[in-house]
Amino acid sequence: MEKINLEYFGEKFNQLQTIDPDNFLSTVRKEGFYNFNKKGLPTYKNEEWKYTSVSDLFKKEYHLTEDEANTTISKSQIDEIRIPGSENANELVFANGKFAPELSTIRSSKEQLIILTLEEAANGIYKDLVNEHLGKSALFINDAIHALNTSFIYGGVFIYAVKGQIIENPVYLYHISDATENHILSQPRSLVFADKSSKLQLVETFKTIGSMDSFTNEVLEVVVNDNAILEYYKVQNDGINASHVGTTHIRQIGRSYAHTVVVTLDGGIIRNNTNIIMEVAGNEAHMYGLYLLKGNSHVDNHTLVDNRMPNCFSNELYKGVMDGRSTGVFSGKIFVRPDAQKTNAYQTNNNILLSDNASVNTKPQLEIFADDVKCSHGCTVGRLDDEALFYLRARGISKEHAQAMLLKAFAENIIQQIKIEPLKEYAEQLIVERLHAES
Amino acid sequence: MLSIKNIHASVEGKEILKGINLDVQPGEVHAIMGPNGSGKSTLASVLAGREEYEVTEGSVDFLGKDILELSPEDRAREGLFLAFQYPVEIPGVSTTNFIKTALNEKRKYHGLPPLDAVSFMKLMKEKMNLVEIDKSLLTRSINEGFSGGEKKKNEIFQMAMLEPKLTILDETDSGLDIDALRIVASGVNKLRDENRAIIVITHYQRLLDYLQPDFVHVLLNGKIVKSGTKELALELEEKGYDFIKDQFSLTPAL
């Protein structure tokens, strides 16, 4: 704990608290900061952090963005990172972790989609929703890093999909960290509410500008109401100087459908917590992940499916390819609580190691307290199939190309889970370029 | 075209091929027969460049090149084709894309530009008719869920597309019913010409009925112990391998 520049964080925290001390957000922050101080950074001894060390991340002197999102990020930089073919999307830009309305473009109508800063939402007509739902993830991700995000909730975003609205244009969250002059700590915070019978597609990408280090510590809380459909996509292809701890916490408070895909291609130390909390009966969730790692990248995917009520269905498929000295982690927890009879919960994690120096830790955790359920899990760690490789080579295809073809095939069924066509093409192109660059 | 001289090869330290000599000229069809474990498939693997086989002695000259020095892909690009005994299922890789990639890598090797989409489709269509393969198979992943016969047909289709100078059919007849055997054999026959050679590895006479080899060699215990014309195959079919084993004082027990 002494590694963290506590004084600096404390100073910044106090500064922030003076803005509007009686506000609800201020109370949430206060609790967050208390927890941050109390918990201390997780170490290997913490089961949830057994395979990922974050202490190095906190040894750097990060710059925490000033309250007034004072950024040099310009519109033209947004044009550069925009995913081709996504010109019709709603674009929410986060500059150093703060929602930047002036850089953002909302294309859906207000009858369909409401986008506000968290402060606006907490003080306006969505006050009750914010009070009720902001911060619920802390019950599940009970560590100092999550608490650090909560300590600095400011300039976050509130996304509300209006009841009964099928929102055709996906909502893209473009996170940009400007590490040109300082190491930067970006802490985006978002609350999303997909109301009854709505459909919402969320996409997140991350980009660090500059050669200093960035650390994005994100919390995204999503609430899915009755009969709503939520799709969530996260594509991580930032530089090796970009580290990330992100929690996507999805609560299905009404009988609904959730679909998540997390694709990780590059970065420094990355931890993705993807949680699905099934609070009512009859929920359905599909979770997919793909991580293609090289160099010294470290990617840790933690998933949680919490079945609290009967007749819920979840299916999880995560796949990874580790090259170089990279390390992968998959930890998949499935809770089936006593009331959650007739649960169907499935989980699979497949890994390919391409190098002798790469490694992966895979850990399924099923905790079942009901007696009439169907649950399964399976994980594999292996190498590329030599027979298949030889077959392709025996037809005149180079070893490198054959390997790329096989890895692409391995990744294919995850790529196909991206239901936004331009995003799928973008991810596919990144993956193909990556696989061919490797060879 | 192909000149194998005194090839010795072993796998995991065990010697399987113990001095094979074979010469193949353009236009010829050679059959290599022999009982299980005699080294037939090992010979095919050594020629195609499977890495687990170590050649300890001898040389293989293919069109003036020492192919033992070449990678499997370069051997294929030089015009060698192995029709696999057990074609591999590769989920997620489309057959069409696979063949297109293979064809274009071969063309690139020979300094030719890649085939454009229209010419490729035209070539596909032509060869599909030649080997009587169903179009739907080619839109699927490589061999995934194919029947035994479909897999073998796919091998012959790939052969047709890649137009190799030397084809090795490694027990292509195994697992085929009579109709599939006829179709596969007729596909091979249509691809025969005076510039191409074929080595047929088989246990049985039946494929040879269709292919009518110019030469038949009997492989026993890692060596070619007898060579002859197609009548030798008939004799083997009739008498079994034992008569040759007796002749060479080799019994399975040894």
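Residues numbered from 1 in each chain as written. Chains lettered and ligands numbered in written order. Predicted model: local features only at pLDDT ≥ 70, side-chain atom pairs only at ≥ 80, totals over all residues. Heavy atoms only, no water.

Undergrad: Looking at this structure, how should I read helix α1 (residues 6-17) of chain A?
TA: Residues separated by three or four positions in an α-helix point in the same direction, a consequence of the helix having 3.6 residues per turn. Residues and elements named next belong to chain A. With 12 residues, α1 should reach 16 Å at 1.5 Å per residue; the first-to-last C-alpha distance of 16 Å fits that figure. The complete set of buried residues in α1 reads Tyr-8, Phe-9, Gly-10, Lys-12, Phe-13, Leu-16 and Gln-17. On its buried face, α1 sits against α2 (24-39), β1 (62-64), α6 (144-151) and β7 (183-186). (Helix = DSSP H or I, 4+ residues; strand = E, 2+ residues; numbered from the N terminus. Expected span 1.5 Å × (residues − 1). Buried < 20%, exposed > 50% of the residue type's maximum accessible area, 1.4 Å probe, protein only. Contact = heavy atoms within 4.5 Å.)

Undergrad: Even after reading the chapter, I still don't get the sheet that holds strand β19 (residues 344-353) of chain A, so can you show me in this structure?
TA: Working definition: the strands of a sheet are paired by backbone hydrogen bonds and lie parallel or antiparallel to each other. Residue and element names in this part refer to chain A. Strands sit in the order β3-β2-β6-β9-β11-β13-β15-β17-β19-β21 across an open sheet of 10 strands; the sheet is mixed. Two strands lie at the open edges of the sheet, namely β3 (98-99) and β21 (374-382), each paired on one side alone. The sheet contact formed by strand β6 (residues 171-178) and strand β9 (residues 199-209) spans eight bridges and is parallel. Directly across from His-175, in β9, lies its bridge partner Phe-206. Across the sheet, helix α8 (residues 399-415) lies against β13 (257-266), β15 (284-293), β17 (313-322) and β19, angled at about 150° from β17, the strand it touches most. (Pairing = 2+ DSSP bridges. Axes fitted to C-alpha atoms, helices over the stretch in contact; angles between N-to-C directions.)

Undergrad: I tried to follow the sheet that holds strand β4 (residues 53-62) of chain B on my own but got confused; where do I start?
TA: Residues and elements named next belong to chain B. On the basis of which strands lie adjacent, the open sheet formed by four strands has the order β2-β1-β4-β5 and antiparallel pairing. The outermost strands of the open sheet, each flanked by one partner alone, are β2 (14-24) and β5 (65-66). Sheet topology note: the β4/β5 ladder contains two bridges and is antiparallel. The residue bridging Phe-62 from the neighbouring strand is Lys-65, located in β5.

Undergrad: Any chance you could explain the interface of chain A and chain B here in plain terms?
TA: The extent of an interface is frequently quoted as the accessible surface area lost upon association of the parts. Every contact between the two is made by 16 residues of chain A and, on the other side, 30 residues of chain B. Summed over both sides, the interface between chain A and chain B buries roughly 2,000 Å², with carbon and sulfur atoms accounting for 63% of that surface. On the chain A side of the interface with chain B, the three residues burying the most area are Phe390(A), Tyr391(A) and Arg395(A), jointly 40% of the side's total. Taken together, chain A and chain B are joined by four salt bridges. Measuring nitrogen to oxygen at the nearest pair gives 2.7 Å for the salt bridge that ties Glu155(B) to Arg395(A). At the junction of chain A with chain B, the criterion picks out 13 residue pairs in polar contact (both at pLDDT 80 or more). (Buried area = accessible area lost by both parts, 1.4 Å probe. Salt bridge = Lys/Arg side-chain N within 4 Å of Asp/Glu carboxyl O. Polar contact = N/O pair within 3.5 Å; in protein donor to acceptor, adjacent residues only side chain to side chain.)

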